[in-house]
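# Topology and contacts: notes
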Amino acid sequence: MHDLLPNLPGSLSNVLGSIPYFMPEIYLAILFILVLVTDLLFGKNSERLCKIIACAGILLVLVQDYRQVQLLLINGQAANGHFLFSGMLFYSRITINFKFIIDALAFILLLYFSWDDRLNAHPKGLSDLYSIAIGSVFGLHLMVMAINLLSIYLAVEIVSIASYLMVAYRSENAFSAEAGLKYVLFGAASSAIMLYGISLLYGFSGELNLFSGNFLYNLLRINTLPASFALILVLVGIGFKLSFVPLHFWVPDIYQGASTPVTAWLSTLPKIAAFALLVNFLTPFVFFTNRTIIDFRLLLSLIGVITMIAGNFAAVLQSNVKRMLAYSSIGHTGFALMALVPFTVTGVSAIVYYLAVYSIANIGALMLATYFTNVAGAEDLDGYKGLGHKYPVASVCFVIVLISLTGLPVTAGFAGKLFVFSAVYNIYQQDHNLWLLILMTTGALTTVVSLFYYIKIPLNLFLKRTEIAINPAIKSYNILIFAISISFLIILLGLFPDLLMKCFKA
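Residues numbered from 1 in each chain as written. Predicted model: local features only at pLDDT ≥ 70, side-chain atom pairs only at ≥ 80, totals over all residues. Heavy atoms only, no water.

### Thoughts on the overall build of the protein chain
- Across its full length, the protein chain holds 23 helices and two strands.
- Expected size for 506 residues packed as a compact globule is a radius of gyration near 23 Å; at 23 Å, the protein chain falls within 12% of this value.
- With the C-alpha coordinates aligned to their principal axes, the bounding extent of the protein chain is approximately 80 × 60 × 45 Å.
- Relative to its full complement of 506 residues, the protein chain shows a buried share of 58%.
- Pairs at least 24 residues apart make up 79% of the contacts formed inside the protein chain by residues separated by at least 6 positions. (Helix = DSSP H or I, 4+ residues; strand = E, 2+ residues; numbered from the N terminus. Rg over C-alpha atoms; globule rule 2.2 N^0.38 Å. Buried < 20%, exposed > 50% of the residue type's maximum accessible area, 1.4 Å probe, protein only. Contact = heavy atoms within 4.5 Å.)

### Notes on the state of the cysteines
- Under the defined criterion, the tally for this structure stands at zero disulfides.
- Of all cysteine sulfurs in the structure, the one in C55 sits closest to C50, which takes part in no disulfide; the separation is 11 Å.
- Under the relative-accessibility criterion, C50 is labelled buried at 0%. (Disulfide = S-S within 2.5 Å.)

### Describing the side chain of S127
- Checked against the element boundaries, S127 lands in helix 6 (residues 127-145).
- Residue S127 is classed as buried on the basis of its relative accessible area of 3%.
- Excluding anything up to four places from it in sequence, S127 contacts V35, D39, G43, S46, E47, C50 and Y169.

### Quick look at empty space enclosed by the protein
- Scanning the model with the defined rule gives three cavities of 30 Å³ or more in all.
- Within this model, the largest cavity holds a volume of roughly 90 Å³.
- Taken together, 15 residues make up the lining of the largest cavity; nearest its centre are N312, G331, H332, K417 and T446.
- Among the elements that make up the lining of the largest cavity, the one with the highest residue count is helix 20 (residues 434-454) (six residues).
- Along the lines of polarity and charge, the residues of the lining of the largest cavity split into six nonpolar, eight polar and one charged.
- Roughly 40 Å³ of internal volume is contained in the second largest cavity.
- If you trace the second largest cavity, you find it lined by H332, Y354, V357, Y358, S404, L405, G413 and K417.
- Counting only elements with at least two residues in the lining of the second largest cavity, the list comes to helix 16 (345-376), helix 18 (392-406) and helix 19 (412-431).
- If you tally residues by element for the lining of the second largest cavity, the top one is helix 16, at three residues.
- A class-by-class count of the residues in the lining of the second largest cavity yields four nonpolar, three polar and one charged. (1 Å grid on protein atoms, 1.4 Å probe; cavity = no way out; pocket = protein on both sides within 12 Å on 5 of 7 lines; lining within 4 Å. Points joined across faces, edges and corners; volume = space filled by probe spheres on them. Nonpolar A, V, L, I, M, F, W, Y, C, P; charged D, E, K, R; others polar.)

### Examining the packing of aromatic side chains
- For the structure shown, the criterion picks out 28 aromatic pairs.
- Plain terms: the ring middles of F215 and F285 are 6.2 Å apart, the flat faces sit at 75 degrees to each other, and that makes the pair edge-to-face. Taken together, the residues span a long stretch of sequence, with F215 in helix 9 (residues 213-221) and F285 in helix 13 (residues 269-287) at a distance of 70 residues.
- A residue is classified by how much of its surface remains accessible, and F215, at 0% relative accessible area, is buried. (Phe/Tyr/Trp six-rings, centres within 6.5 Å; stacked < 30°, edge-to-face > 60°.)

### Quick word on helix 15 (residues 321-340)
- With 20 residues, helix 15 extends 29 Å from end C-alpha to end C-alpha; this agrees with the ideal 28 Å at 1.5 Å per step.
- Most of helix 15 is tucked away: 20 of the 20 residues are buried.
- For helix 15, the N-terminal cap is N320; the gap from its side-chain oxygen to the backbone nitrogen of K322 is 3.0 Å. (Expected span 1.5 Å × (residues − 1). Polar contact = N/O pair within 3.5 Å; in protein donor to acceptor, adjacent residues only side chain to side chain.)

### Points about the nonpolar core
- Counting 178 residues, the largest nonpolar core has F113, F281 and F372 as its most contacted members.
- Those residues in contact with F281 that lie beyond four places of it in its chain are L149, I152, L210, L231, V234, L235 and I238. (Core = buried A, V, L, I, M, F, W, Y, C linked by side-chain atoms within 4.5 Å.)

### Comments concerning the pattern of salt bridges
- In this structure the tally under the stated criterion is four salt bridges.
- Here E25 makes a salt bridge to K99, at a shortest N to O gap of 2.8 Å. With E25 in helix 2 (residues 23-42) and K99 in helix 4 (residues 93-112), this pair connects stretches of sequence that are 74 residues apart. The residues E25 and K99 share a single accessibility class, namely buried.
- Of the charged contacts in the structure, one is a salt bridge between K385 and D382, with a shortest N-O distance of 3.9 Å. (Salt bridge = Lys/Arg side-chain N within 4 Å of Asp/Glu carboxyl O.)

### Description of unusual backbone geometry
- The step from V245 to P246 runs through a cis peptide bond, and the omega angle for that step is 10 degrees.
- Following the sequence through the fold, P246 ends up in the loop between helix 10 (224-242) and helix 11 (251-257).
- A cis amide bond, omega -5 degrees, links P409 with the succeeding residue V410.
- Its location among the elements puts V410 in the loop between helix 18 and helix 19.
- Unlike most non-glycine residues, S86 shows phi in positive territory, near 55 degrees.
- Note on placement: S86 falls in the loop between strand 1 (82-84) and strand 2 (89-91).
- What makes S86 exposed here is its relative accessible area of 53%.
- Not every positive phi belongs to a glycine, and H432 is a case in point at roughly 50 degrees.

### Description of the side chain of S46
- Looking at the secondary structure, you find S46 in the loop between helix 2 and helix 3 (47-74).
- Within the local environment of S46, its side chain forms a polar contact with the side chain of D39, the two groups lying 3.3 Å apart.
- Among the polar contacts made by the side chain of S46, one reaches the side chain of S127 at a distance of 2.9 Å.
- The residues touching S46, leaving out its near neighbours within four places in the chain, are T38, D39 and S127.

Structure representation (structure tokens):
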């Protein structure tokens, strides 16, 4: 105890100095408590109030994200970033970009929750769901900034627990309850594997901070085989959140069984945070050592190729729209991994842009899936037959969103894929690495394959007829207005990609 006393003033000073950089997370913690207390005080009547507080709070967090950029610029830390809480977290322009995307999308999804008729019919209301979502965003922020093995595990667990609760929220629905149980079992297994890998890394290196000089020095001194084994175990935990092959097996059932707004949440926000975490985890191994324990570029290339092929070809065989979009998201993960293989600043910026535009389009697609479920009860492709003539505005918006997900001009998805290809091609021109060529070729071919399943929706909407008369329920005007806005934004960013890209340059 007496040995620790001389270090207390320095540690306390470090904590106090880190607080100004931690303001978005402090706001989120206060917001979580506020939404939770509101739910406890007002009970079933608190749903609307909880939604207003949650959405208003996220907007305040977005303001704090913007202020963090100014803080880095004022202190001259925009280029190198800043370590927080004695190396537990790391703050940089890239992490702020990731957090800004997460918070902006979280705001949209918080609005979206109550627009799904089936989720909105939950007997307990949605008040609990808003508090869970805010807690999840807090964990996502920590994932984006975590560089210490302990903070990495805690952040992943916070997000995982929130995700389990969100998937099983409709507990009265047997399919949703089953999906929640599967997710808990698979998630617990991946967390245990990750924790075992972390314990091995700590045992080998005697350090928890990835950016500590002793961590890499000690890890490089041991045999390559056990060190590689430990690193792969940690990557299993990260890969479960990214849902790349072979850790994708949980995605179709969970995405189909969860409520559609929850599917939209799981397919975007945790994936964005997991990519940020992967960047943080790989950075010291790629930049700060001449020796390699694992050839991460080769490993990520192999995973990316297999993931793109498996995700896109499996999607072709699906008839359920949510299940099709689930396999599609696996394919998009593989494509985003392509930009990470060169591990350049341009590549990371391309990932941020690609994930942003993919998430916007994917949320738009799932919103429109909710719209057609609400108004026509359509969940499978057969249920979409002839709906394009009955609901032309929503159907045209769906087509625009799918064009962006495919990556065709003149949409934001095309610009995103172009930036990824450019980042990889620039490095290929320098070293002519065969795996980079294979990645680009696979990316181009699977983009063509994606046309075969995305086109099924417009084909059924406009070119096929149904003999069944549809008695429409009350139209979901909120979703329709948002779908129009997303479609406009997709085309705008497709025509003027610099509007968003210049914001993500580190």
